[in-house]
Amino acid sequence: MSLSKVKHIVLVLSGKGGVGKSSITTQLALSLSLAGHSVGVLDVDLTGPSIPRMFAIEDAKVTQAPGGWLPILVHDADPSGGIGSLRVMSLGFLLPRRGDAVVWRGPKKTAMVRQFLSDVFWDELDYLLIDTPPGTSDEHISLAETLLQKARPEQLAGAVVVTTPQAVATADVRKELNFCTKTGIRVLGVIENMSGFVCPNCSECTNIFMSGGGEVMAKDFNVRFLGRIPIDPQFLVLIETGKTPRYPEGTKVNGQDISTPAGETVAEDGTRDSGLLVHKYKSCSLAPIFNTITADVISAVQQGGGKER
Amino acid sequence: MAPSLEAPEPVEDVLANPLKQKPNLVAPEPEHCPGPESEQAGTADSCAGCPNQKICASTPKGPDPDLPLITARLAGVKHKILVLSGKGGVGKSTLTAQLAHAFATNPDSTVGVMDTDICGPSIPKMLGVESETIHVSSSGWSPVWAMDNLAVMSIQFMLPNRDDAIIWRGPKKNGLIKQFLKDVEWGDLDFLLVDTPPGTSDEHLSVNTFLKQSSIEGAVVVTTPQEVSLLDVRKEIDFCRKAGIRILGLVENMSLFVCPKCTHASEIFKATTGGGRALAHEMGIPFLGSVPLDPRIGMACDYGESFFDSFPDSPACVALKHVVRGLAEQIGLDPNQVVPEG
């Protein structure tokens, strides 16, 4: 099994679509990499893969090696900077054209998920994050079955469950938590995404999708609440255009001033800023929040044994 | 030797091989089963040695015999409209619910909403009928009536507990969608809105196959402005094209956010590639409008209220009305009859 060199496998799940599974997966990966861990990301959203776009590697193609496939390298390890390597695998890399629909029924999806788990050569990895499509259907059943059968028990660390605060979303995510209970996947914690938006003009925080729903749900299910993540349009700009996040003077996150130093030039053309995504991400207001969440996830993984459930 | 990680098969092949009738199996489906309803049933490489092989192979080929029953059941439905998006959480269910409310404001129209999102049904909550259950009579299942002229069907009505997970693989989902069309007494409807889950998989293929004969009016495609979302929506449009589903129009949701304190408009989901309007232009499909992000829409959905009744003067409501009127025009109706101006 190609997962043999992987230390911990973490699933990123949500019953609801569009709550930010892929962007959370991306940020967890960047954050883990910044903490010096080697990270792999496996995207099993077959009909709507977003991970290639998130890492700005849409044009990459998978290389075949004898007996399997090599994941795409986002950046290599940099021991002097304390940064771990980051590798990615997604169905997006196999499509001839990016707009092509992938219309697959269940059995085909099941076969693909199995193949992704067994035939991708992951090198030594501290963490393998698996990004999933919304729901509790073919991909999830196959993932759970295959991992519970083939991965070593200490390998399958558990799942990070993502939600947004509003009731319409938590109603679906509650189903996902029940899925984890039924399949025996340990829940490492719940992240509440899109919790509040700070107006860049007046710094007023509006809870567009309400607030607190994720925390209430975590309490109801007796699982760890990992934290709230606000909406930061600068993160989207970073993903979409490759621009380093910049904030007006006086922007503070948890009391820490993260505003862009005055005098720094802002190139307003369509070019991407140079440098690795992982370095640019350090300037994002969400990076410190994820730093804390990642530390909590790591400690939850290391506790093991399913104490939280 | 490892199996080849081949490129996905062409959509045309999948569409050209619709599901057959499911045979009665003598043993559970094995690991690499191609699906007892599929064209390769009983003949695929992995079927060798399966106790079901003979049964699967001898099931008559050809279309599902239930198709005429579905067509007969839906004979009284005038307009069948799908709400689609390749991406999750862009507001398919919200738009479906608000479209239903908008169509139902005319007391002479009867509206039906069918929720085909099996794993994450949102429609019952958004229409305020989450705790209802289905009644079964000799002539079929009665839908839940959210209003006098608004009928709803969703798997949520069949769950013993609200939070139960529905851990189903594709074939089981297809079976339920068929039942929703074949066994539910929809009666005479002016509109049947079909809400779908994200993606292009079993549910979408089934709805397309089952409704083909009784003709689908078309699909409304929903997106949000950022490219990560447009990327998946492009795939959905590709699917519609290949399946021959007419696209009635594209709606861009969550476009701008107006700060309630300083009225500064922010592009939260920034349209770095031109957003929905540019995509509609690129694909040559009608653009029905942009709906701004208004926290009150989300709240109306959480409480199952009609956004049109609760906040008639908000910019989002005006934008939604514009979308409904545009949609009415696309299906050849007089917009003033569907949503009166003002």
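Just so you know, these numbers come straight off a predicted model, no measurement behind them. (Residues numbered from 1 in each chain as written. Chains lettered and ligands numbered in written order. Predicted model: local features only at pLDDT ≥ 70, side-chain atom pairs only at ≥ 80, totals over all residues. Heavy atoms only, no water.)

Observations regarding the interface of chain A and chain B
Line of reasoning, step 1. Facing 71 residues of chain A, the contacting portion of chain B comprises 73 residues.
Line of reasoning, step 2. Buried area between chain A and chain B, both sides added, is near 6100 Å², and the carbon and sulfur share of it is 60%.
Line of reasoning, step 3. When the area that chain A buries against chain B is broken down by residue, the three leading residues are A:V103, A:R105 and A:K175, summing to 13%.
Line of reasoning, step 4. Along the contact surface separating chain A from chain B lie 6 salt bridges.
Line of reasoning, step 5. Between B:R169 and A:D138 there is a salt bridge, with its nearest N and O atoms 3.8 Å apart.
Line of reasoning, step 6. Connecting chain A to chain B are 28 residue pairs in polar contact (both at pLDDT 80 or more). (Contact = heavy atoms within 4.5 Å. Buried area = accessible area lost by both parts, 1.4 Å probe. Salt bridge = Lys/Arg side-chain N within 4 Å of Asp/Glu carboxyl O. Polar contact = N/O pair within 3.5 Å; in protein donor to acceptor, adjacent residues only side chain to side chain.)

Quick notes on the environment of A:S285
Residue and element names in this part refer to chain A.
Line of reasoning, step 1. Tracing the backbone through its elements, the reader meets S285 in the loop between α8 (277-281) and α9 (286-303).
Line of reasoning, step 2. Along the chain, S285 and S259 lie 26 residues apart, while their C-alpha atoms are 9.0 Å from each other.
Line of reasoning, step 3. Here D232 takes part through its side chain, which lies 2.7 Å from a polar atom of the side chain of S285. (Helix = DSSP H or I, 4+ residues; strand = E, 2+ residues; numbered from the N terminus.)

Description of the UniProt feature "binding site: ATP" (unreviewed entry) in chain A
Line of reasoning, step 1. UniProt marks A:G15, A:K16, A:G17, A:G18, A:V19, A:G20, A:K21 and A:S22 with the feature "binding site: ATP" (unreviewed entry), using the numbering shown here.
Line of reasoning, step 2. Inspection of the secondary structure puts A:K16 in the loop between β1 (6-13) and α1 (21-34).
Line of reasoning, step 3. Note on A:K16: relative accessible area 15%, which makes it buried.
Line of reasoning, step 4. Setting aside anything within four residues of it in sequence, one finds A:K16 in contact with A:K21, A:P134, A:V168, A:A169, A:D172, A:V173 and B:S122.
Line of reasoning, step 5. Its location among the elements puts A:G17 in the loop between β1 and α1. (UniProt positions renumbered as here; feature names shortened; annotations may be inferred. Buried < 20%, exposed > 50% of the residue type's maximum accessible area, 1.4 Å probe, protein only.)

Points about the pairing of strand β2 (residues 39-43) of chain A
Residue and element names in this part refer to chain A.
Line of reasoning, step 1. Along β2, 5 of the 5 residues are buried, which leaves the element largely enclosed by surrounding structure.
Line of reasoning, step 2. Burial along β2 is two-sided: V39, V41 and D43 facing one way and G40 and L42 facing the other are all buried.
Line of reasoning, step 3. In the sheet, β2 pairs with strand β6 (residues 86-90) via 5 bridges, with the strands oriented parallel. Looking across to β6, one finds that V41 is bridged to V88.
Line of reasoning, step 4. Where β2 lies against strand β7 (residues 125-131), 5 bridges are found, and the strand directions are parallel. If you follow L42 over to β7, its bridge partner there is I130. (Pairing = 2+ DSSP bridges.)

Observations regarding the environment of A:G135
Line of reasoning, step 1. Mapped onto the fold, A:G135 is located in the loop between β7 and α4 (138-150).
Line of reasoning, step 2. Here A:G135 falls in the buried class, since its relative accessible area comes to 5%.
Line of reasoning, step 3. Spatially, the C-alpha atom of A:G135 lies 16 Å from that of A:E145, the residues being 10 residues apart in sequence.
Line of reasoning, step 4. Excluding its chain neighbours within four sequence positions, the residues that come into contact with A:G135 are A:S14, A:G15, A:H140, A:E176 and B:C119.

Focus: the packing of helix α5 (residues 167-183) of chain A against helix α6 (residues 213-220) of chain A
Residues and elements named next belong to chain A.
Line of reasoning, step 1. Following both chains from N to C, one finds α5 and α6 inclined at 30°, their axes separated by 11 Å at the closest point. The angle between the axes of α5 and α6 places the two elements in the roughly parallel class. Here the hand of the crossing between α5 and α6 comes out right-handed. Of α6, the residues touching α5 (which contributes T170, V173, R174 and L177) are G213, G214, M217 and D220.
Line of reasoning, step 2. The class makeup of the residues in the contact of α5 with α6 is 3 nonpolar, 3 polar and 2 charged. (Axes fitted to C-alpha atoms, helices over the stretch in contact; angles between N-to-C directions. Parallel < 35°, antiparallel > 145°, perpendicular 65-115°, else oblique. Left-handed = near helix turned anticlockwise from the far one by under 90°. Nonpolar A, V, L, I, M, F, W, Y, C, P; charged D, E, K, R; others polar.)

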